[in-house]
Every structure is written in C-alpha cells, then in structure tokens.
Amino acid sequence: MKIFCVGRNYAEHAKELGNAIPEDPVIFMKPATALLPQHGSFYYPEFTKDLHYELELVLRIGKNGKNISENEAHAYYDAITVGIDFTARDVQAELKKKGLPWEKAKAWDHSAVLGEWVSLTDEMRHNPFQFSLKKNQQTVQKGDSTDMIFSFDKLVAHISTYFSLNIGDCIYTGTPAGVGACEVGDDLEGFLGNDKKFAVEIK
Ligand code: ZN
C-alpha cells in the first residue's frame, strides 16, 4: 500500500510556516513502514529535537484507478479517519533550505498515525468534516474540511494523474493551522467530530 500526503492544503497553515499558497496540490509520499501499528508504541526519534504533530483527515482508497476525473473521484474512496503526519520540523527546515526532498523529515518509521476507519455514507460525503487533536486533554488543533484549498475529489484526481491508486492506499489530506511540538510523555488523541479515533502516548 502507498501513503500519499498533501502539503499546504489549508491557507492558515501555509501562512504559519511562511509558505505561499500553492497553485497545484503539493504531494509527497511515505512508505508502508511509516505506519504506526495500532496499539504500537511511539518513540520520540533520536534524529530530531523538534517533533511536530500535524492532525489530518485521511481517506482510504476503495477502488483501483488511474487518471480519475474530479467528477468520478468520489467513487474511489470509501472511508475516512483522522491521523497524524508526524514531522521532524528541524530536519524539514534544513532540507527545505537546501532544496532537498522531505523524506528524512516526514517518511521515517512510524511517522504516520492512523485512526480507526469510518465507512463513508452518501450523507457524510455531502457534509463538512470537523476534526481535532487533544494533547494532554487540551485541544491544540482544530480543522474543518471546508477550509481545504483542494477538495478530496480534486486531490484524488490530481494524484491519479501521476500515480495509480490502489485499494488500501491512504491519502493524508493536509493539516490545518495549529501544528506544534510534542515531548516525551505527551498523550495525543485524535477526534473525527466527537468520536475519538486514536490515542498515542509519546515514549
Ligand atoms: Zn502534513
């Protein structure tokens, strides 16, 4: 399976990191080894001093496709959840400065937390999704899918121009504003609406 991630899909988040609002989706990937196993332990990586959470809505691909049109894109994803695109922000800043790829900052083992899937109904597809992250019981990040620069359907269409989409692939659709640092001992809980979809303790 493949993990696609979208950078700078919320204007307020692009601004907080000093990035321009993109004209086309910014896409990068994580390997399957980036997934944190459910009930697995998350250990603060030794190569960073500035580990950031990025809470995101995540889509699951439910049908194989390539060159999918925006109008048909909805038929290619069948479930949604929230997840964390963990980022070594100091490593990323260094790579960005040199114009180098982001993998060392974004695609390392267990950098992708995935919540429990929720099957998408027709009704859900027509309504916005609210999501939030609690760190040590305090809400630290809140998002709403209506603030996305590129919609789910636009993202699926765009990604499939370059890559085959296969059943089980995931798309992390970008983080809203409010990203921040975590420390050993922090408890992170991700919510889709009012429902808790994951809990991770940083060890
Ligand atoms: Zn992200």
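In this text the structure is predicted, and so the values were computed from the model without any measurement.

So, how was this worked out
Residues numbered from 1 in each chain as written. Predicted model: local features only at pLDDT ≥ 70, side-chain atom pairs only at ≥ 80, totals over all residues. Heavy atoms only, no water. Pairing = 2+ DSSP bridges. Helix = DSSP H or I, 4+ residues; strand = E, 2+ residues; numbered from the N terminus. Buried < 20%, exposed > 50% of the residue type's maximum accessible area, 1.4 Å probe, protein only. Polar contact = N/O pair within 3.5 Å; in protein donor to acceptor, adjacent residues only side chain to side chain. Contact = heavy atoms within 4.5 Å. Donors = N, O, S within 2.8 Å, 3.2 Å for Na, K, Ca; no water. Axes fitted to C-alpha atoms, helices over the stretch in contact; angles between N-to-C directions. Phe/Tyr/Trp six-rings, centres within 6.5 Å; stacked < 30°, edge-to-face > 60°. Arc of directions from axis to C-beta.

Participant: I tried to follow the sheet that holds strand 3 (residues 51–53) on my own but got confused; where do I start?
Facilitator: Strand pairing within a sheet occurs via backbone hydrogen bonds; the two strands may be parallel or antiparallel. Spatially, the 3 strands line up as an open sheet ordered 6-3-12, and their pairing is antiparallel. This sheet does not close on itself; its edge strands, each paired only once, are strand 6 (87–88) and strand 12 (180–181). Alignment of strand 3 against strand 6, held across 2 bridges, turns out to be antiparallel. Paired with His52 across the two strands is Thr87, which belongs to strand 6.

Participant: Which parts of the structure should I look at to understand the side chain of Ser111?
Facilitator: Along the chain, the position of Ser111 falls in the loop between helix 3 (103–106) and strand 7 (112–114). Under the relative-accessibility criterion, Ser111 is labelled buried at 0%. Polar contacts involving the side chain of Ser111 include one to the main-chain carbonyl oxygen of Lys106, which spans 3.0 Å. Setting aside its immediate chain neighbours within four residues, Ser111 contacts Lys30, Ala34, Ile84, Asp85, Phe86 and Lys106.

Participant: Can you walk me through the coordination of the zinc ion in this structure?
Facilitator: Ideal donor angles around a metal are set by the shape: a four-donor tetrahedron calls for 109.5 degrees, a six-donor octahedron for 90 or 180 degrees. With distances of 2.0 to 2.1 Å, the protein atoms coordinating the zinc ion are Glu54 (OE), Glu56 (OE) and Asp85 (OD). Going along the chain, you hit the donors of the zinc ion in the pattern E-x1-E-x28-D. With relative accessibility at 4%, the residue Glu54 sits in the buried group.

Participant: Hey, could you run me through the sheet that holds strand 13 (residues 187–192) in this one?
Facilitator: One open sheet holds the 4 strands; their spatial order is 10-9-13-14, and the pairing between them is antiparallel. Looking at strand neighbours, the two that pair on one side only are strand 10 (138–144) and strand 14 (195–201), the edges of this open sheet. For this sheet, the mean angle separating the axes of adjacent strands, direction not counted, is 15°. Pairing analysis gives 6 bridges linking strand 13 to strand 14, with the strands arranged antiparallel. Along strand 14, the bridge assignment pairs Gly190 with Phe198.

Participant: Help me out: how do you make sense of the packing of aromatic side chains in this one?
Facilitator: The way to describe two aromatic rings as a pair is by their centre distance and the angle between their planes. The full count for this structure, using the stated rule, is 9 aromatic pairs. Centroid distance Phe42 to Trp108: 6.2 Å. Interplanar angle 50°. Geometry classified as tilted. With Phe42 in the loop between strand 2 (26–30) and strand 3 and Trp108 in the loop between helix 3 and strand 7, this pair connects stretches of sequence that are 66 residues apart. Taken individually, Phe42 and Trp108 each receive the classification buried, so the pair is uniform in this respect. Considering the side-chain rings of Tyr162 and Phe163, the 6.4 Å spacing of their centres and the 45° angle between planes classify their relative orientation as tilted.

Participant: Would you mind showing me how to read the pairing of strand 1 (residues 3–7) here?
Facilitator: It is a general feature of regular strands that their side chains alternate between the two faces of the sheet. The buried fraction of strand 1 is high, at 5 of 5 residues. Neither face of strand 1 is exposed, since Ile3, Cys5 and Gly7 on one face and Phe4 and Val6 on the opposite face are all buried. Here strand 1 runs beside strand 11 (residues 170–172); their pairing, made up of 3 bridges, is parallel. Its bridge partner lying in strand 11, Ile3 is registered against Cys170.

Participant: How should I be thinking about helix 5 (residues 152–162) in this particular structure?
Facilitator: Residues lying three or four places apart along an α-helix face the same way, a consequence of the helix completing one turn every 3.6 residues. The complete set of buried residues in helix 5 reads Phe152, Leu155, Val156, Ala157, His158, Ile159 and Ser160. Buried-residue contacts for helix 5 involve strand 1, strand 2, strand 4 (55–61), strand 5 (77–85) and strand 11.

Participant: Can you walk me through helix 2 (residues 89–98) in this structure?
Facilitator: Among the residues of helix 2, those classed as buried are Arg89, Val91, Gln92 and Leu95. Buried residues along helix 2 cover an arc of 155° about the axis, so they all sit on one side. For helix 2, the exposed residues lying more than 90 degrees away from the buried face are Lys97 and Lys98. Buried residues belonging to helix 2 abut strand 3, strand 6 and helix 3. Phi turns positive one or two residues past the end of helix 2, at Gly99, with a value near 70°.

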